[in-house]
Amino acid sequence: MGGRRTKYKQGPPAPLRNPDETRPSTKKLGKRKANVDHEPEATANSPSKKRTKDPEKVSKIKPTPTKEKSTPLSEEGESDGWEVASDLEDVDGFAADSLDDLDIDEDDDLLRGVPEELDLGSDDEEVELLPQKGRKSKQAERPTKIIPTASDEDSDDESDNEDGPITGKNIESRSRALDEKAAREAELDIEEMQNAAFEGSDEDIDMEGEGEDAEAFHLPTAEERAEEKEHVADVHVVQRRMRECVRVLGNFSKLGAKGRLRSEYVDQLVSDIASYYGYNDFLAEKLFQLFSVSEAIEFFEANEVSRPVTIRTNTLKTRRRDLAQALINRGVNLEPIGKWTNVGLQVFESSVPIGATPEYLSGHYMLQAASSFLPVIALKPQPNERILDMASAPGGKTTHIAALLQNTGIVFANDANKARTKSLTANVHRLGCKNVIVCSYDGREFPKVMGGFDRVLLDAPCSGTGVISKDSSVKVNKSERDFHLLSHLQKQLILCAIDSVSPDSKTGGFLVYSTCSVTIDENEAVVDYALRKRPNVKLVDTGLGFGRDGFTKYRGKSFHPSVKLTKRFYPHVHNMDGFYVAKFKVERRAKIKAGTQEAQSTNAVDADEQQEDVGFDSEEDKVFIEEGKRIQLKAKGLRVPRRRQLDIAGKAVKAAA
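Residues numbered from 1 in each chain as written. Predicted model: local features only at pLDDT ≥ 70, side-chain atom pairs only at ≥ 80, totals over all residues. Heavy atoms only, no water.

Undergrad: Report on the pairing of strand 9 (residues 510-515), specifying residues and quantitative values.
TA: The element strand 9 is extensively covered by neighbouring structure, given that six of its six residues are classed as buried. Residue alternation in strand 9 divides its side chains into two sets, F510, V512 and S514 and L511, Y513 and T515, and both sets are buried. Sheet topology note: the strand 8 (residues 455-459)/strand 9 ladder contains five bridges and is parallel. For L457, the partnering residue across the bridge sits in strand 9 and is V512. (Buried < 20%, exposed > 50% of the residue type's maximum accessible area, 1.4 Å probe, protein only. Helix = DSSP H or I, 4+ residues; strand = E, 2+ residues; numbered from the N terminus. Pairing = 2+ DSSP bridges.)

Undergrad: How would you explain the layout of surface pockets if you had to name every residue and give the values?
TA: Roughly 770 Å³ of internal volume is contained in the second largest pocket. Looking at the second largest pocket, it is lined by 35 residues, and the ones nearest its centre are A393, P394, K397, R420 and D459. Among the elements of the structure, strand 4 (365-367), helix 14 (396-405), strand 8 and helix 18 (480-500) are those that each provide at least two residues to the lining of the second largest pocket. (1 Å grid on protein atoms, 1.4 Å probe; cavity = no way out; pocket = protein on both sides within 12 Å on 5 of 7 lines; lining within 4 Å. Points joined across faces, edges and corners; volume = space filled by probe spheres on them.)

Undergrad: Provide a residue-level description of the pattern of salt bridges, including the pertinent values.
TA: Side chains carrying opposite charge are able to pair once their charged atoms draw close together. Per the stated rule, a full pass over the model turns up 18 salt bridges. Salt-bridge contacts for E359 lead to R330; the nearest nitrogen and oxygen are separated by 3.0 Å. Here E359, found in helix 12 (residues 358-361), pairs with R330, found in the loop between helix 11 (320-329) and strand 2 (332-336); they are 29 residues apart in sequence, far enough to count as distant. Judged by relative accessible area, E359 falls into the buried class, the value being 11%. Overall, the relative accessible area of 38% leaves R330 in the partly exposed class. For the salt bridge of E524 with R568, the shortest nitrogen-to-oxygen distance reads 2.8 Å. Linking E524 in helix 19 (residues 524-533) with R568 in strand 14 (residues 567-569), this pair joins segments that are 44 residues apart in sequence. When sorted by exposure, E524 lands in the same class as R568, which is buried. (Salt bridge = Lys/Arg side-chain N within 4 Å of Asp/Glu carboxyl O.)

Undergrad: Give a description of helix 15 (residues 421-430) that names residues and reports values.
TA: Listing the buried residues of helix 15 in full gives T421, L424, N427, V428 and R430. Against the buried residues of helix 15 lie helix 12, strand 4, helix 14, strand 6 (410-414) and strand 7 (436-439). Remark: G432 follows helix 15 within two positions and exhibits a positive phi of approximately 75°. (Contact = heavy atoms within 4.5 Å.)

Undergrad: A description of the pairing of strand 5 (residues 386-389) should follow, citing residues and the corresponding values.
TA: Working note: regular strand, side chains alternate between the two faces of the sheet. Note that strand 5 and strand 6 share four bridges and pair parallel. Its bridge partner lying in strand 6, L388 is registered against F412. Of the crossover connections in this fold, the one passing from strand 5 over helix 14 to the parallel strand 6 is right-handed. Looking at chain direction, strand 5 and strand 8 are connected through three bridges and run parallel. By the bridge assignment for strand 8, D389 is matched with L457. (Right-handed = clockwise from strand over helix to strand, strands pointing away.)

Undergrad: Quick rundown of a negative patch on the surface? Include the residues and the values.
TA: A cluster of acidic residues, E185, E187, D189, E191 and E192, forms a negative patch on the protein surface. Within the secondary structure, E191 is located in helix 4 (residues 171-203). (Patch = residues over 30% accessible without salt bridge, like charges linked within 9 Å, V, L, I, M, F, W, Y side chains within 5 Å. Areas by Shrake-Rupley, 256 points an atom, 1.4 Å probe, with all protein chains shown as cover. Lys, Arg positive; Asp, Glu negative; His and termini not counted. Charge placed at Lys NZ, Arg CZ, Asp CG, Glu CD.)

Okay, here's the thing in structure tokens:
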């Protein structure tokens, strides 16, 4: 009889197993699937099994801990014929198919009989579910929170208000909730800071890598220190001793050894810093005195690390955005330096030489340290001004000024070293600066050479203690005499720079003094000297939004209160070279009052009377005065006027008569 039943008739069953053989356990079967040995071989024409909801024909099996749907697949990607658990009404258990609904042969005794219970594993075992090709549940699509936090309770309460749109009704409650949340976070921050400070005081007792069994710290005496300098000290011993000295000096009243002075710990720490970092004793002590104990170690450590590579965009030829995109396309990883400059870029890594790209050769940017931006930003040049750069080589600041002037006005780029003017001229041409005049004069002669500038930039020659990371030779080749000579030169240059500024300038009248040094002798002491020698100048705000204020008191020295307006920059704080910037405003000299002139004339008359009483004759000594002036001019290297032999001889005869 033909028909649908004959068409899908099941094939012959597999041969029966020998009854003497042991029957395999069904406990290894999982996911409600029978053993392959006991079921007929699946064929492409096998009929699909029917579902049943009759409770009498449902066999109970153990529930599994998961409630997710699973559809086991065969190797061919087709369904094995087992039922999907979520399709049944009973959610807590699974129902098995009735064997009566299957078209099987009557001789198959193994499939006839009482249905056995399948062991799907205990609740502690994790059941691996095969990927599901059918429909997905909404719970599976929703991401689960792996680590719950303490804020989950608050978020659950406020979820109704936060998820909905902002309306006039809930805006007040939302604002109140945000204020409360900010207040709670502020309280937590304060509590964490207090706990951290408390824990830090406790941790001072046991340093890192040291326990109760560690050897007790012994502070060497002066004799032991002298003996240790004769041979090479162990680096680990010096490092541990430095750490111990810093810890003791941080809380000397509690941790200091009895009978030992604080100065002994300081001397030992300075000596260890000099030997560990490679400084001479004089410079190590000079730099150590600028900071607190812990900050001094940070400063010396920062000098061992090179500063980031930075470039300045030449706005005469391109924009920073276009330059950054062009360099990124060439494999350069960079980002803006900070909000304080709109032309600087910091380079992290580059697959091409950053100083040989087509953009560099075209003058689109200049390799320049970030600290060199600061003096020009403080100078703030205006278009059509006459500006003097007294020490300009190699031209980073000069070209920056020309770019801010937009090639208007005039920039006089001066440098005392004529050999360095070659690189200065090359950079001026490469960057397309058309308003720059290069000259080579001693800065101390400039008021006589030319004056009346609207603004003057003096980046004075210095010891270079702020750029030790670039030039490590500073550690050993600077002595006390070098600092005295440099400070004397800087004082001469700053007075000449002040005299070169025109106080009648409508837009300017400013002087910016800067050094790449961090010592007091070259910075605050020079600025204070200029304020005392030139009463017509005063310090003004630099306009830089960051940096530390200048010192007004240092080791018994007191400076003018306005020195606080100057700015200091450190490598360990601002991640740039050590730098100092001061800005002066030059005003007209005050006129002498009439009463003062009368008093001065009276004093002059009294002085003349006294001179007459002594018997001093100015005409008689004029020859010697002129000779002294000639000697002074010759010592300065200036042109000496020729002597008038007849006048000298006549005056000598007249004096003899």
